[in-house]
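Here are the chains, one letter per residue:
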Amino acid sequence: MTALRQRKGSRGKEPPLGAEFQSQQSNCCTNHHPEKILHGDWSWGAIIWTSVGWSVSVGLGLLCCIYMATLHENDLWFSNIKEVEREISFRTECGLYYSYFKQMLQAPSIQEGLSDLIHDNLTESKRTINLLQRMNIYQEVFLSILYRLLPIQSYLEPVYFYIYTVFSLQAVYVIALYLTAWLLSGSWLAGTLTGVWYILNRVDTTRVEFTISLRENWSLPFLALQVTAITCYLRPQLTTLQQKVMVWLMYVTTFCFCLTWQFNQFILLVQALVIYTLDCVDFLTTTQVTTLYLVQVSGLLSVWLLQFCNSMILGSLVLSFIVAALFIRHFQSGLKTGSLLVRLGKLLLHSAAVLLLTFTINYLAKKALQLRSDEHIFKFIKSKFALGPTRDFDASLYLCEEAFGVLPLDTLERLAGTLLLYPYILTLLLLSGLLAGAALQNMSRPKGGSAEEKKGVVEGRLVAFRPDVAYNLLHTLFYGLLAFSTMRMKYIWTGHMCAVAAYGVCGTELWTLLLNTLRCNSKVLLRLVRYAVPLAMIGCLYYKFWPKLMEELSELREFYDPDTVELMTWISTKTPKQAVFAGSMQLLAGIKLCTGRVLTNHPHYEDKDLRERTRQDLVYGFLLGHLQCMI
């Protein structure tokens, strides 16, 4: 069993509350934003302030990247262990994914390497499968081609090129969260606080240092970039050109996210529900809603083409939902008319119709495509919430894993210890109350009136509660519920949680309400508090956690698993290359990477025939073990 052992040695007048919100949020929309220069403000102060903000974002990203890489090196002594030990350190499915990067590099040419992946007969014995269709391994293909083309082979080993790329994506992740907080709050101090919180809460925000090849480590940085692009797209005062640029950025990041993770459809489904909710309560225009939906559809269909028409994408629930939502929305032109009670009734009927049509389309699509690749996920969901049989084999494989259980309470204790949880909850409560009030106001607004009245109402709504804030609020609420239900999904939530909490600390809403309550509100005091409090928090976090970080970085361990090393060496030297191996999914992934032998099974579980083979292997293994005990 793999172990880590200690390495020897060491190394004025109070305005009305609503008016104050409008004034401060209006300032927030224009002051100190990363796109400020794009609005024509080329003053030296704006250039210097924006440049400092961008420099801090890059610095924090690089700091996070170096921090993760150092932890990985210190835990394994990666630079000093043998190649077979490095490969064994890629745990479970991570080893399977990295094996295809290795396979592409060992191929005589790029064309032959791609052909071997398209017609693979090593991953599953007696079956030839298209790995580019079945698995999300285009990132391994891209990196292997890039490594071949770049003149770096003489001084950078392939394994380092691979892991450094993944660690660099963590820098991209931090920069994306930083920009989201900056866009929301109008202060790059919010971005700084976001980056600091992300690093200090490493245990709950990422696991990249010990699961490098995991698909989420590739995809979540692109999801964070997509959220940043959506946040910027939903901001008022963007020009037509800037809106088009944001739409393209949303498409590219959505495409990259979908291409790198097989669970993309379920994550996008939650995002589609966020968009649908905002549409129902009039926070988004028709153009914005349609654009966001089409960006999701375009990203998924682009990946569908690259994955050789993967039927799992066409049969995804998110595509069925978007088609249903757009179709019914088109034919219900009078949905947003009438009094509040009338609109609520229409909304309930509309939502019921959308859900009914969604499941109908999805059912017919899966029947037509004969799709059963993702049914184990729905079995897991039914069993988890007691909506179906709890003794299903596929569901039991997930339910017995701690990662697929509910979020443990010690997670909240750790988040509270870094001063993250408390401002997050306060921000969530305040914004939720404001959102509910604004939603009721929107739904109570009469449809009639003059053009000037309509324009005034729309402008008032956009200032009182901006669409970008509304989107990020529902984003963190929906993904927070997902994280609480399934612990593995917390990594989608906790990173964005840092940005929302930093927005609460550095934005205007929380402080305006507090200062109004204390009857001492003024623009000068508000600005003083918005800058002093985050600086004080950063100072407090530095004083509390800097010694702990230095102590953590000084702990030196070493990879130690002689039994597995001996097994892999024996398989490589004593067995024919055509030998077929059976065993646990975790062990077989390592055998595929270290020896290149043929497998009967592997951890990538999105295939009906493979799941049936797994069940049979486990049953036969149990019966054989029972028979040996009887003998």
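All values derive from a computational prediction rather than experimental measurement.

Draft legend 1. Molecular detail of the overall build of the protein. The helix and strand tally for the protein stands at 29 helices and four strands. Within the structure as shown, the protein displays about 28,600 Å² of accessible surface, and the carbon and sulfur contribution to it stands at 67%.

Draft legend 2. Broad picture of the nonpolar core. Counting residues in hydrophobic clusters, the biggest one holds 168 residues, and the most contacted among them are Phe90, Tyr162, Trp197, Phe283, Tyr293 and Phe465. Of all the elements, helix H8 (residues 158-185) adds the most residues to this core, at 19 residues. Excluding anything up to four places from it in sequence, Tyr293 contacts Ala272, Ile275, Tyr276, Phe321, Ile322, Ala325 and Leu326.

Draft legend 3. Main features of the confidence of the model for the protein. Mean pLDDT for the protein: 86, with 86% of residues reaching 70 or above. Confidence drops under a pLDDT of 50 for residues 9-24, and excluding neighbours within four residues, the segment shows 26 contacts in the predicted structure. Segment residues 448-455 is flagged for pLDDT under 50; beyond a separation of four residues in sequence, or across chains, it makes three contacts in the model.

Draft legend 4. Structural context of the packing of helix H4 (residues 93-106) against helix H28 (residues 585-595). Orientation of H4 relative to H28, taken along the N-to-C sense of each, is 15°, at an axis distance of 8 Å. With respect to their mutual orientation, H4 and H28 come out roughly parallel. The hand of the H4/H28 crossing is left-handed. Here Gly95, Leu96, Tyr98, Ser99, Tyr100, Lys102 and Gln103 of H4 lie close against H28, whose contacting residues are Ala589, Lys592, Leu593 and Cys594.

Draft legend 5. Broad picture of empty space enclosed by the protein. Looking at the largest cavity, its volume works out to about 90 Å³. In terms of lining, the largest cavity is formed by Tyr173, Leu177, Thr180, Leu220, Leu223, Ala224, Val227, His475, Ile492, Gly495 and His496. Broken down by class, the residue content of the lining of the largest cavity amounts to seven nonpolar, four polar and no charged.

Draft legend 6. Structural context of a nonpolar patch on the surface. A surface patch of nonpolar side chains, about 350 Å² in accessible area, is lined by Trp44, Ile48 and Val52. As for its placement among the helices and strands, Val52 is situated in helix H2 (residues 44-76). Given the relative accessible area of 33%, Val52 is considered partly exposed.

Draft legend 7. Spatial organisation of the environment of Thr286. Counting through the fold element by element, Thr286 comes out in helix H14 (residues 286-306). Note: C-alpha distance between Thr286 and Arg329 (43 residues apart in sequence) is 9.8 Å.

Draft legend 8. Quick look at unusual backbone geometry. Positive phi, normally seen in glycine, also occurs at Gln370, with a value near 55°. On the accessibility criterion, Gln370 (71% relative accessible area) is exposed. Here the phi dihedral of Arg519 falls at roughly 55°; this positive angle occurs in a residue that is not glycine. Counting through the fold element by element, Arg519 comes out in the loop between helix H25 (509-517) and helix H26 (523-554).

Draft legend 9. Representation of the packing of helix H9 (residues 188-200) against H26. Put simply, H9 and H26 touch, their axes get as near as 11 Å, and they point 25° apart. In terms of orientation, H9 lies roughly parallel with respect to H26. Every pair of crossing elements has a handedness; the one defined by H9 and H26 is left-handed. Of H26, the residues touching H9 (which contributes Leu189, Thr192, Leu193, Val196, Trp197 and Leu200) are Tyr531, Pro534, Leu535, Met537, Ile538, Leu541, Phe545 and Leu549. Class assignment for the residues of the contact of H9 with H26 results in 13 nonpolar, one polar and no charged.

Draft legend 10. View of H9. Its 13 residues give H9 an end-to-end C-alpha distance of 18 Å, which sits within 8% of 18 Å, the value for a rise of 1.5 Å per residue. Burial analysis of H9 places 13 of its 13 residues in the buried class, the great majority of the element. Where H9 begins, the capping side chain belongs to Ser187, and its oxygen is found 3.2 Å from the backbone nitrogen of Leu189.

Draft legend 11. Representation of the pattern of salt bridges in the model. Tallied over the full model, the rule gives 21 salt bridges. Close ionic contact of Glu124 with Arg127 constitutes a salt bridge, the shortest N to O distance being 2.9 Å. Residue classification places Glu124 among the buried positions, given a relative accessible area of 0%. One salt bridge in this structure joins Arg557 and Glu555, with 3.1 Å as the shortest N-O distance.

Draft legend 12. Focus on the environment of Met487. Secondary-structure assignment places Met487 in the loop between helix H23 (467-485) and helix H24 (490-506). Met487 sits in the buried class, given a relative accessible area of 15%. Sequence separation of Met487 and Glu402 is 85 residues, and the distance between their C-alpha atoms is 7.8 Å. With sequence-adjacent residues up to four places away left out, Met487 is seen in contact with Glu402, Ala403, Gly405, Val406, Leu407 and Pro408.

Draft legend 13. Local environment of the packing of aromatic side chains. Applying the stated criterion across every chain, the model contains 24 aromatic pairs. Centre to centre, the rings of Tyr98 and Tyr162 are 5.0 Å apart; their planes meet at 80°, and the pair counts as edge-to-face. Within this pair, whereas Tyr98 is found in helix H4, its partner Tyr162 is found in helix H8, the two being separated by 64 residues in sequence. For Tyr98, a relative accessible area of 3% puts it in the buried group. Pairing Tyr162 with Trp218 gives two aromatic rings, centres 5.8 Å apart and planes at 65°, and the pair type is edge-to-face. Here the residue Tyr162 occupies a position in helix H8, and Trp218 occupies one in helix H11 (residues 215-233), the gap between them amounting to 56 residues. Note on Tyr162: relative accessible area 0%, which makes it buried. Note on Trp218: relative accessible area 4%, which makes it buried. Members of the aromatic cluster, connected to one another through ring pairs, are Phe90, Tyr98, Phe101, Tyr162 and Trp218.

Draft legend 14. Structural detail: the environment of Lys126. Mapped onto the secondary structure, Lys126 falls in the loop between helix H5 (110-118) and helix H6 (131-134). Classification of Lys126 by relative accessible area gives exposed; the value is 86%. With 454 residues separating them in the primary sequence, Lys126 and Val580 have C-alpha atoms 9.8 Å apart.

How each quantity is defined
- Residues numbered from 1 in each chain as written.
- Predicted model: local features only at pLDDT ≥ 70, side-chain atom pairs only at ≥ 80, totals over all residues.
- Heavy atoms only, no water.
- Helix = DSSP H or I, 4+ residues; strand = E, 2+ residues; numbered from the N terminus.
- Areas by Shrake-Rupley, 256 points an atom, 1.4 Å probe, with all protein chains shown as cover.
- Core = buried A, V, L, I, M, F, W, Y, C linked by side-chain atoms within 4.5 Å.
- Buried < 20%, exposed > 50% of the residue type's maximum accessible area, 1.4 Å probe, protein only.
- Contact = heavy atoms within 4.5 Å.
- pLDDT = per-residue confidence, 0-100.
- Axes fitted to C-alpha atoms, helices over the stretch in contact; angles between N-to-C directions.
- Parallel < 35°, antiparallel > 145°, perpendicular 65-115°, else oblique.
- Left-handed = near helix turned anticlockwise from the far one by under 90°.
- 1 Å grid on protein atoms, 1.4 Å probe; cavity = no way out; pocket = protein on both sides within 12 Å on 5 of 7 lines; lining within 4 Å.
- Points joined across faces, edges and corners; volume = space filled by probe spheres on them.
- Nonpolar A, V, L, I, M, F, W, Y, C, P; charged D, E, K, R; others polar.
- Patch = residues over 30% accessible without salt bridge, like charges linked within 9 Å, V, L, I, M, F, W, Y side chains within 5 Å.
- Salt bridge = Lys/Arg side-chain N within 4 Å of Asp/Glu carboxyl O.
- Expected span 1.5 Å × (residues − 1).
- Polar contact = N/O pair within 3.5 Å; in protein donor to acceptor, adjacent residues only side chain to side chain.
- Phe/Tyr/Trp six-rings, centres within 6.5 Å; stacked < 30°, edge-to-face > 60°.

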